[in-house]
Amino acid sequence: VQLQASGGGLVQAGGSLRLSCAFSGRTFSTYVIAWFRQAPGKEREFVASISWSGGSTYYADSVKGRFTISRDNAKNTGYLRMNSLKPEDTAVYYCAAVSSYDPRTRAFPSTYNYWGQGTLVTVSS
């Protein structure tokens, strides 16, 4: 499995970005997709995840109501739409995938087998 994250960049506070995660190597629709982020000097933290079908989504409290995770199984791609961005959202964003897992562990990086290379999001104040 390979994951390729893209779409990061520099944006002003209050702005929006959409990240993409291109998936290849296996059947995309059988993998849970998640987004994590890591700010300088901080641990990697859970942002959002989406089930195989896209019917269930989960968010960190810090992004709930501002970020939307989605997927297009026909295009083998996951997305993270980020609105109302804040300077504290500045981080490298990673997409991750796992085929089966205990849902209670969805927020832990160790749950996921596969990772993209990360894309930098910088939010200026």
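See the structure shown above.
Conventions and cut-offs
Residues numbered from 1 in each chain as written. Predicted model: local features only at pLDDT ≥ 70, side-chain atom pairs only at ≥ 80, totals over all residues. Heavy atoms only, no water. Helix = DSSP H or I, 4+ residues; strand = E, 2+ residues; numbered from the N terminus. Rg over C-alpha atoms; globule rule 2.2 N^0.38 Å. Buried < 20%, exposed > 50% of the residue type's maximum accessible area, 1.4 Å probe, protein only. Contact = heavy atoms within 4.5 Å. Lys, Arg positive; Asp, Glu negative; His and termini not counted. Charge placed at Lys NZ, Arg CZ, Asp CG, Glu CD. Phe/Tyr/Trp six-rings, centres within 6.5 Å; stacked < 30°, edge-to-face > 60°. Lys NZ or Arg CZ within 6 Å of the ring centre and 35° of its normal. Pairing = 2+ DSSP bridges. Axes fitted to C-alpha atoms, helices over the stretch in contact; angles between N-to-C directions.

## Digging into the overall build of the protein chain
Line of reasoning, step 1. Of regular secondary structure, the protein chain possesses 0 helices and 11 strands.
Line of reasoning, step 2. Helices (α) and strands (β) of the protein chain occur, in sequence order from the N terminus, as β-β-β-β-β-β-β-β-β-β-β.
Line of reasoning, step 3. Taken over C-alpha atoms, the radius of gyration comes to 13 Å for the protein chain, in line with the 14 Å a tight globule of 125 residues would show.
Line of reasoning, step 4. Taken along its principal axes, the extent of the C-alpha atoms in the protein chain is 40 × 30 × 25 Å.
Line of reasoning, step 5. For the protein chain, with 125 residues in total, the buried portion stands at 43%.
Line of reasoning, step 6. For the protein chain, contacts bridging at least 24 residues in sequence account for 58% of all contacts bridging at least 6.
Line of reasoning, step 7. Mean positive and mean negative side-chain charge positions of the protein chain (13 and 7 charges, respectively) differ by 6 Å.

## Regarding the packing of aromatic side chains
The relation between two aromatic rings is expressed through the spacing of the ring centres and the mutual angle of the planes.
Line of reasoning, step 1. Taken as a whole, this structure holds 9 aromatic pairs when the rule is applied.
Line of reasoning, step 2. Between Tyr31 and Tyr114 the ring centres are 6.2 Å apart and the planes differ by 65°, which places this aromatic pair in the edge-to-face class. Taken together, the residues Tyr31 in the loop between strand S3 (17-24) and strand S4 (32-38) and Tyr114 in strand S10 (residues 114-115) connect sequence positions 83 residues apart.
Line of reasoning, step 3. Residue placement shows Arg44 over the ring face of Trp115; its charged tip is 4.8 Å from the ring centre.

## Considering the environment of Met82
Line of reasoning, step 1. Mapped onto the elements of the fold, Met82 is located in strand S8 (residues 77-82).
Line of reasoning, step 2. For the pair Met82 and Arg66, spaced 16 residues apart in sequence, the C-alpha to C-alpha distance is 6.2 Å.
Line of reasoning, step 3. In this view, Met82 contacts Gly15, Ser16, Leu17, Leu19, Arg66, Phe67, Tyr93 and Val121; residues no more than four positions away in its chain are not counted.

## With respect to the sheet that holds S3
Line of reasoning, step 1. Pairing is antiparallel in the open sheet, where 4 strands are placed in the order S1-S3-S8-S7. Unpaired on one side and paired on the other, strand S1 (2-6) and strand S7 (67-72) mark the two borders of the sheet. Put simply, the sheet's adjacent strands are angled 15° from each other on average, direction ignored.
Line of reasoning, step 2. Examined bridge by bridge, S3 and S8 share 6 bridges and lie antiparallel to one another. Of the residues in S8, the one forming a bridge with Arg18 is Arg81.

## Thoughts on the environment of Leu3
Line of reasoning, step 1. Counting through the fold element by element, Leu3 comes out in strand S1.
Line of reasoning, step 2. Owing to a relative accessible area of 7%, Leu3 belongs among the buried residues under this scheme.
Line of reasoning, step 3. Note: C-alpha distance between Leu3 and Thr27 (24 residues apart in sequence) is 13 Å.
Line of reasoning, step 4. When neighbours within four sequence positions are excluded, Leu3 is seen to be in contact with Cys21, Ala22, Phe23, Cys95, Ala96, Ala97, Tyr114, Trp115, Gly116 and Gln117.

## As for the side chain of Ser51
Line of reasoning, step 1. Summarising the element assignment, Ser51 is placed in the loop between strand S5 (45-50) and strand S6 (57-59).
Line of reasoning, step 2. In contact with Ser51, not counting residues within four places along its chain, are Val32, Ser56 and Arg71.

Read these as layout, nothing more, since geometry by itself doesn't imply function.
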